[in-house]
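# Coordinate analysis (summary)
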Amino acid sequence: MSMKIREAVKTLRPYQWEPSTDELSKKLGLRKEQVLRFDTNTMPSPPKELLSKLAELLPGLGVNDYPDTSYTQLREGLAKYLGRRVEQLTVTTGADEALDIVAKTFIDPGTEALASKPTYSFYSTIVEVMGGRLVLAPRREDFSEDVDALLEACSRQTRLVFICSPNNPTGNLTDRSDIMKVLEESGCPLVVDESYAEFCGRTVVDLVDAYENLIVIRTFSKAFSLAGARVGYMVAHEKTVRLLNKVRPPNSLSVISLALAGLALENLELLRRNVQWVTEERERLIKALQVIPGLQVYPSQANFILIRFKTPPAPEAYRRLLQQGIVPRSFDEASGLGDCLRFCVRTPEENQALINALERLVTERL
Ligand code: PMP
């Protein structure tokens with residue numbers, strides 16, 4: 001049977017999923033506990049206190065019914081957490097669904113979106129699914145956002161601009177003044193992806209009152225330790241939220257995930273503890289890795305670290321770390337980061353295992 005598929009899907013370059021821990025343990029001949037996921041940018045363990053509280057709520061949860069499709073209760077919690085109004089919020093299945101909704105709202109076939117390279121690779125997937133093209137402007141040598149290059153790449157075809165801050169995979173923030181410049185001069189909707197914002201405490205959510213073209217995307221997947229629950233949200237001007245809600249599917253979140261996210265907002269001390277230990281561990285890791293010859297370690301405002309490898313080269317380091325169960329995130333040459341690997345912060349013991357493994361790799365070569 002020959003199925004007629006959309007042109008955009010024929011040429012689509014699919015998003016590269018990370019392999020599962022099960023697959024990796026089989027491939028490497030290691031037990032599942034020996035596979036250390038330094039590649040997923042998640043937290044190393046589930047939030048046990050929240051899960052116990054959820055267990056108490058479970059018997060009363062109305063899973064026989066659909067959730068309240070406007071997710072009002074969670075939006076009320078978020079409004080309080082962010083100091084925003086409920087009307088400025090809409091809830092999504094992770095930040096990824098938020099990105100998808102934005103692309104569906106603004107990208108017509110043949111139009112363009114804009115981001116600066118390197119950045120989160122899912123942006124190109126969602127734009128290409130809609131028949132658009134993601135144009136990438138260069139970042140500066142130190143990976144800082146070059147807003148002038150970004151604005152220069154803006155054309156009449158540009159429908160959407162993405163700024164990831166802190167940026168995955170480079171770990172750095174975009175200045176608030178640069179974000180305001182893009183909001184004022186691009187004439188386009190601007191998505192600021194703040195998936196990692198809790199790790200640095202800096203945000204532009206307060207700018208949504210002044211700028212109708214700002215859409216801030218956030219998630220419970222990172223600092224809240226809830227990637228498996230799949231809860232994200234968008235913060236924007238009331239008018240923009242109404243527009244995005246036209247495209248949003250009505251019932252994509254589960255009642256259970258909504259309850260868990262609600263509990264996370266009622267127990268913010270857990271978030272503060274997560275952020276505290278992750279940022280301390282991140283700085284300890286950076287300090288320990290910086291002194292290893294042959295590695296260039298970039299500063300980070302998030303829960304991961306980007307490292308440029310001179311000796312051994314990144315593909316060799318990747319292979320040898322993987323054999324020991326240490327799973328880094330690698331990048332293709334087209335991203336400009338073929339000589340880099342990215343590692344997320346894990347437990348102190350696991351981070352020490354990473355430091356030791358990298359020291360061994362380099363000293364064996366000297
Ligand atoms: N944006 C960025 C920059 C990310 O790194 C990720 C996670 N890989 C996401 C969005 C998607 O996060 P979520 O789990 O909320 O869909």
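Residues numbered from 1 in each chain as written. Predicted model: local features only at pLDDT ≥ 70, side-chain atom pairs only at ≥ 80, totals over all residues. Heavy atoms only, no water.

## Some words on helix 10 (residues 255-266)
- Taking 1.5 Å as the rise per residue, helix 10 with twelve residues should run 16 Å; its terminal C-alpha atoms sit 17 Å apart, in good agreement.
- Restricting attention to buried positions, one finds in helix 10 the residues Val255, Ser257, Leu258, Ala259, Leu260, Ala261, Gly262, Leu263, Ala264 and Leu265. (Helix = DSSP H or I, 4+ residues; strand = E, 2+ residues; numbered from the N terminus. Expected span 1.5 Å × (residues − 1). Buried < 20%, exposed > 50% of the residue type's maximum accessible area, 1.4 Å probe, protein only.)

## Remarks on the sheet that holds strand 4 (residues 133-138)
- A sheet is described by the order of its strands in space; here seven strands give the open sequence 2-8-7-6-5-3-4, paired in mixed fashion. Either end of the sheet is taken by a strand with one partner, and the two such strands are strand 2 (89-92) and strand 4. With strand direction ignored, the average angle separating the axes of adjacent strands in the sheet is 25 degrees.
- Sheet topology places strand 3 (residues 112-117) next to strand 5 (residues 158-164); three bridges connect them, and they run parallel. From the neighbouring strand, Glu112 faces strand 5, where its bridge partner is Thr158.
- Across the sheet, helix 4 (residues 72-82) is in contact with strand 2, strand 7 (214-219) and strand 8 (232-236); its angle to strand 2 comes to roughly 120 degrees.
- Strands in contact with helix 9 (residues 238-247) are strand 2, strand 7 and strand 8; relative to strand 8, the strand with the most contacts, it is inclined by about 140 degrees. (Pairing = 2+ DSSP bridges. Axes fitted to C-alpha atoms, helices over the stretch in contact; angles between N-to-C directions. Contact = heavy atoms within 4.5 Å.)

## With respect to the environment of Asn245
- You can see Asn245 is positioned in helix 9.
- Here the alpha-carbon distance between Asn245 and Phe38, two residues 207 residues apart in the chain, equals 35 Å.

## Digging into the pattern of salt bridges
- Throughout the structure, instances matching the rule amount to 25 salt bridges.
- As a salt-bridge pair, Arg85 and Asp209 come within 3.3 Å of each other at their nearest N and O atoms. Of this pair, Arg85 sits in the loop between helix 4 and strand 2 while Asp209 sits in the loop between strand 6 (190-193) and strand 7; the two residues are 124 residues apart in sequence, bridging distant segments of the chain.
- For Asp209, a relative accessible area of 38% translates into the label partly exposed.
- A salt bridge links Arg308 to Asp339, with the shortest nitrogen-to-oxygen separation between them at 2.9 Å. Placement of the pair is Arg308 in strand 10 (residues 304-309) and Asp339 in the loop between strand 12 (329-330) and strand 13 (340-344), with a sequence separation of 31 residues.
- Through salt bridges that share partners, Arg84, Arg85, Asp209 and Glu238 make up one connected network. (Salt bridge = Lys/Arg side-chain N within 4 Å of Asp/Glu carboxyl O.)

## Digging into the site of the ligand
- Taken together, the neighbourhood of the ligand is formed by 13 residues, with Ala95, Asp193, Tyr196, Thr219 and Ser221 sitting nearest.
- Between the ligand and Ala95, the relevant distance is 2.6 Å, taken from an oxygen atom to a main-chain nitrogen or oxygen of the residue.
- The separation between an oxygen atom of the ligand and a polar side-chain atom of Thr219 is 2.5 Å.
- Protein contact buries 91% of the 400 Å² of open area that the ligand shows by itself.
- Ranked by the residues each element gives to the shell around the ligand, the list is headed by helix 5 (residues 94-106), at three residues. (Near = heavy atom within 4 Å. Polar contact = N/O pair within 3.5 Å; in protein donor to acceptor, adjacent residues only side chain to side chain. Areas by Shrake-Rupley, 256 points an atom, 1.4 Å probe, with all protein chains shown as cover.)

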